[in-house]
Amino acid sequence: MRRLILALPLLLFIHCKQQPAAPTGLVTEKAMVVSAREDASRIGSEVMQKGGNVFDAMVATELALAVAYPYAGNLGGGGFMVYRKSNGEVGGIDYREKAPLSAHKDMYLDSLGNVIPDMSTLGASAVGVPGTVAGVFAVHEKFGSLPMEELIKPVIALAERGVVVTEKQADRIGRYREKFMAVNGDSTKFAQEFKPGDTIKYPELAKTLTIIMQNGKDGFYKGEVAEKLAGFIQEKGGFITVEDLGKYEAKWRDPVVFDYKDLRMISMSPPSSGGVTINQIFKMIEPHHIGKYGHNSVEAIQLFTEAARRAYADRNYFLGDPDFVDIPLDVLLDNEYLQQRMKDFSFEKATLSADVGHGAVEIVESSETTHYSIIDAEDNAISATTTLNGGFGSKLYADELGFFLNNEMDDFSSKPGVPNMFGLIGAEANSIAPEKRMLSSMTPTIVVKDGKLFMVVGTPGGSTIITAVAQTILNVHEFNLSMQEAVNVPRFHHQWLPDLITFEPNGFPEELIKELKSKGYVIKEDRTPVIGKVDAIRVLPDGKLEGGADPRGDDTAVGF
């Protein structure tokens, strides 16, 4: 009896310690890829099945997305990737686009100093120097285990065989069709109408990929492809030259690494604002035990919103390309500074963004990015986010080469204080300069728990990326949802300016909205789009993997 009494508290403790949520997404034993399209996830997974590592799978998946998901997958854009190897080594690569050599601070302003409409968003004048091809070759050179040919051949085969158009894709292409014709003329490939079930083949892209496979990085940045690409952009009124292409290099960068409770986060450093901003958000909410408030409760939304409001104000003012700007990271990430930032937070009423910021500065950024997460059989992990910026980028399609070009120049501050296409307001730190990389919100993130790989997560969504990634991590860690549930549940967003909370449609009860309004929060009332398309993987206690593929898109997890 005495033994039983002594054992009772222990049993209660074990019982009370919350068990991790049972998986509801695809579960595989060894390896997994979660990306925007099944074709790309499958190609990445098959590379690992053939003995390739996570970095080989990254190369194949990234290039396959250029074929399967031209909305954001690309050869004509750029991105960021963070990695964690099974031995605990971490790192990151920046293959973000750059401003051309002829770029200057006022290039998108008229003679009166006003921003010229569409010049930084539509057509050739919006295009930055692409980084994707340089990125995959740098990754392969450092970490690849299979020959490049084995990684690109299945992608070429996909381009030749073609990709079946889904309902969502047909709808998307249809919505942009007028713009494609306005920018490219009505003989361009995407001037035709595509219905669900149609197959789109990409013979020109297959040819470009073959040249890249044979000649490496130089197959894109020098020679025939570079000459055609630069000639095409200039003929259409853009700025990129053969010299711009020849000078492009991807850069290895140390990721932002920080702790939140018993988690260690590895996320991207500037010129991505993701790692710094997510770090600030988590550190500002850490003292409050958000898990106790309940998932998407008034208190949880308030706390998260107020932390995001302050973090975005700092993001918009201080962050830019670290090769051009001194960023005071030691101050921005200092615990004392962050606690000071939250000193005037109260659950009683909203803080006004006007009382938080660093002057009238705003940022906007396009939401049409794409993310993929990969874990291999050895527990190496990568998290990569890649983009053309807007949907189909600048809408400029190089018919002869088979791909869309980015409109990434819009992610600079064309004019400090004037919002970009995502409503983000930028400051001097993100002004345009030759060969500078524009600020991004991409937040590829890897999460470690008790020294072991726990989650790989990321999303598209422009300025909403940071809040969507943070909420997905909290959903698993604080609210004990499975990976798939954490991705599925409705999300909300606040980015300092405009001073509004955006809620995904149909996900939040009217009473909750009413209560927030009574505390002084301004709610975006018009119909809002989805916030992010998160693709994530959770490592289960038994070592198996659970995929979280976002149902907001055609996203799919594939593994073995």
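As the structure is a computational prediction, the values presented were derived from the model and not from experiment.

## Looking at the overall build of the protein chain
In step 1: Scanning the protein chain from N- to C-terminus turns up 17 helices and 20 strands.
In step 2: Rg of the C-alpha trace for the protein chain: 23 Å, near the compact-globule value of 24 Å for 560 residues, within the 12% margin.
In step 3: Projected onto its principal axes, the C-alpha coordinates of the protein chain cover approximately 85 × 60 × 45 Å.
In step 4: The buried share of the protein chain, taken over its 560 residues, is 62%.
In step 5: Counting contacts in the protein chain only where the partners sit at least 6 residues apart, residues at least 24 apart contribute 74% of the total.
In step 6: Here the protein chain has roughly 20,900 Å² of accessible surface; of this, 51% comes from carbon and sulfur atoms.
In step 7: In the protein chain, the 57 positive side-chain charges and the 75 negative ones have mean positions that sit 4 Å from each other.

## Thoughts on the packing of helix α12 (residues 298–318) against helix α17 (residues 510–518)
In step 1: Where α12 contacts α17, the axes come no closer than 10 Å and their chain directions differ by 50°. The orientation of α12 relative to α17 falls into the category oblique. The two elements α12 and α17 cross, and the hand of that crossing is right-handed. Contacts between α12 and α17 involve V298, I301 and Q302 on the former and, on the latter, L512, E515 and L516.
In step 2: When its residues are assigned to classes, the contact of α12 with α17 shows four nonpolar, one polar and one charged.

## What to know about the pattern of salt bridges
In step 1: As enumerated under the stated definition, the model contains 33 salt bridges in all.
In step 2: Among the ionic pairs, D323 bridges to R253, the shortest N-O distance being 3.1 Å. Of this pair, D323 sits in the loop between α12 and α13 (329–332) while R253 sits in strand β7 (residues 251–253), and the two are 70 residues apart along the sequence.
In step 3: Taking the relative accessible area as the measure of exposure, D323 reaches 40% and is therefore partly exposed.

## Some thoughts on the sheet that holds strand β18 (residues 535–539)
Backbone-to-backbone hydrogen bonds pair the strands of a sheet. The strands run either parallel or antiparallel.
In step 1: Overall, antiparallel pairing links the seven strands, which are arranged β1-β19-β18-β15-β14-β9-β8 in an open sheet. The two strands at the open ends of the sheet, each matched to only one other strand, are β1 (27–28) and β8 (256–260).
In step 2: Strand direction decides the pairing type here: strand β14 (residues 445–449) and strand β15 (residues 452–457), joined by five bridges, are antiparallel. Note on β15: the bridge partner recorded for K449 is K452.
In step 3: Sheet strands touched by helix α11 (residues 274–285): β8, β9 (263–267) and β14. Its angle to β8, the strand with the most contacts, is close to 15°.
In step 4: Lying over the sheet, helix α15 (residues 465–477) contacts β8, β9, β14, β15 and β18, oriented at roughly 135° with respect to β15.

## Considerations on helix α2 (residues 38–49)
In step 1: With 12 residues, α2 extends 16 Å between its outermost C-alpha atoms, agreeing within 8% with the 16 Å of an ideal straight helix rising 1.5 Å per residue.
In step 2: What α2 keeps buried is the set A40, S41, I43, G44, S45, V47 and M48.
In step 3: If you follow the buried residues of α2, they end up packed against β2 (32–35), α3 (54–68), α5 (148–161), β10 (369–375) and β20 (556–559).
In step 4: Two residues or fewer after α2 comes G51, characterised by a positive phi angle close to 105°.

## Considering the packing of α3 against α5
In step 1: Running from amino to carboxyl end, α3 crosses α5 at an angle of 20°, the nearest separation of the two axes being 9 Å. With respect to their mutual orientation, α3 and α5 come out roughly parallel. Crossing of α3 against α5: the hand is right-handed. Packed against α3, whose contacting residues are D56, V59, A60, L63, A64, V67 and A68, the element α5 presents M148, L151, I152, V155, L158 and A159 at the interface.

## A short note on the environment of T351
In step 1: Looking at where T351 falls in the secondary structure, it is placed in the loop between α14 (335–341) and β10.
In step 2: A relative accessible area of 9% means that T351 is categorised as buried.
In step 3: For T351, the residues in contact, after removing those within four places along its chain, are E306, R309, R310, D344, V356 and D499.

## Notes on the sheet that holds β2
In step 1: Pairing in this open sheet of seven strands is antiparallel, and the strands run β7-β4-β3-β11-β10-β2-β20 from one edge to the other. In the strand order of this sheet, the two ends are held by β7 and β20, each with one partner. Put simply, the sheet's adjacent strands are angled 15° from each other on average, direction ignored.
In step 2: Taken together, the three bridges between β2 and β10 define a ladder with antiparallel strand orientation. In the strand pairing of β10, V33 is matched with I374.
In step 3: With respect to the sheet, α2 is in contact with β2, β10 and β20, its orientation differing from that of β2 by roughly 160°.

## So, the side chain of R437
In step 1: Mapping R437 onto the fold places it in the loop between β13 (403–404) and β14.
In step 2: Within the local environment of R437, its side chain forms a polar contact with the side chain of D94, the two groups lying 3.1 Å apart.
In step 3: For R437, the side chain forms a polar contact with the side chain of Y248, separated by 3.2 Å.
In step 4: Ignoring sequence-local partners within four residues, the contact set of R437 consists of D94, Y95, R96, E97, K98, Y248, E249, K251, R253, P271, D321 and F412.

## Quick look at the confidence of the model for the protein chain
In step 1: Here the protein chain shows a mean pLDDT of 93. Residues at 70 or above account for 95%.
In step 2: pLDDT under 50 marks residues 1–6. Its contacts with residues more than four places away, or in other chains, come to zero contacts.
In step 3: Every residue in residues 10–15 is under pLDDT 50, and counting partners more than four places away or in other chains gives one contact.

## As for unusual backbone geometry
In step 1: That bond from P270 to P271 is cis: its omega, 15°, falls within 30 degrees of zero.
In step 2: One can find P271 in the loop between β9 and α11.
In step 3: At the junction of L497 and P498, the peptide bond is cis and its omega measures out at -5° in the coordinates.
In step 4: Counting through the fold element by element, P498 comes out in the loop between β16 (492–493) and β17 (502–503).
In step 5: The phi angle at N389 is positive, at roughly 80°, despite the residue not being glycine.

Calculation notes
- Residues numbered from 1 in each chain as written.
- Predicted model: local features only at pLDDT ≥ 70, side-chain atom pairs only at ≥ 80, totals over all residues.
- Heavy atoms only, no water.
- Helix = DSSP H or I, 4+ residues; strand = E, 2+ residues; numbered from the N terminus.
- Rg over C-alpha atoms; globule rule 2.2 N^0.38 Å.
- Buried < 20%, exposed > 50% of the residue type's maximum accessible area, 1.4 Å probe, protein only.
- Contact = heavy atoms within 4.5 Å.
- Areas by Shrake-Rupley, 256 points an atom, 1.4 Å probe, with all protein chains shown as cover.
- Lys, Arg positive; Asp, Glu negative; His and termini not counted.
- Charge placed at Lys NZ, Arg CZ, Asp CG, Glu CD.
- Axes fitted to C-alpha atoms, helices over the stretch in contact; angles between N-to-C directions.
- Parallel < 35°, antiparallel > 145°, perpendicular 65-115°, else oblique.
- Left-handed = near helix turned anticlockwise from the far one by under 90°.
- Nonpolar A, V, L, I, M, F, W, Y, C, P; charged D, E, K, R; others polar.
- Salt bridge = Lys/Arg side-chain N within 4 Å of Asp/Glu carboxyl O.
- Pairing = 2+ DSSP bridges.
- Expected span 1.5 Å × (residues − 1).
- Polar contact = N/O pair within 3.5 Å; in protein donor to acceptor, adjacent residues only side chain to side chain.
- pLDDT = per-residue confidence, 0-100.

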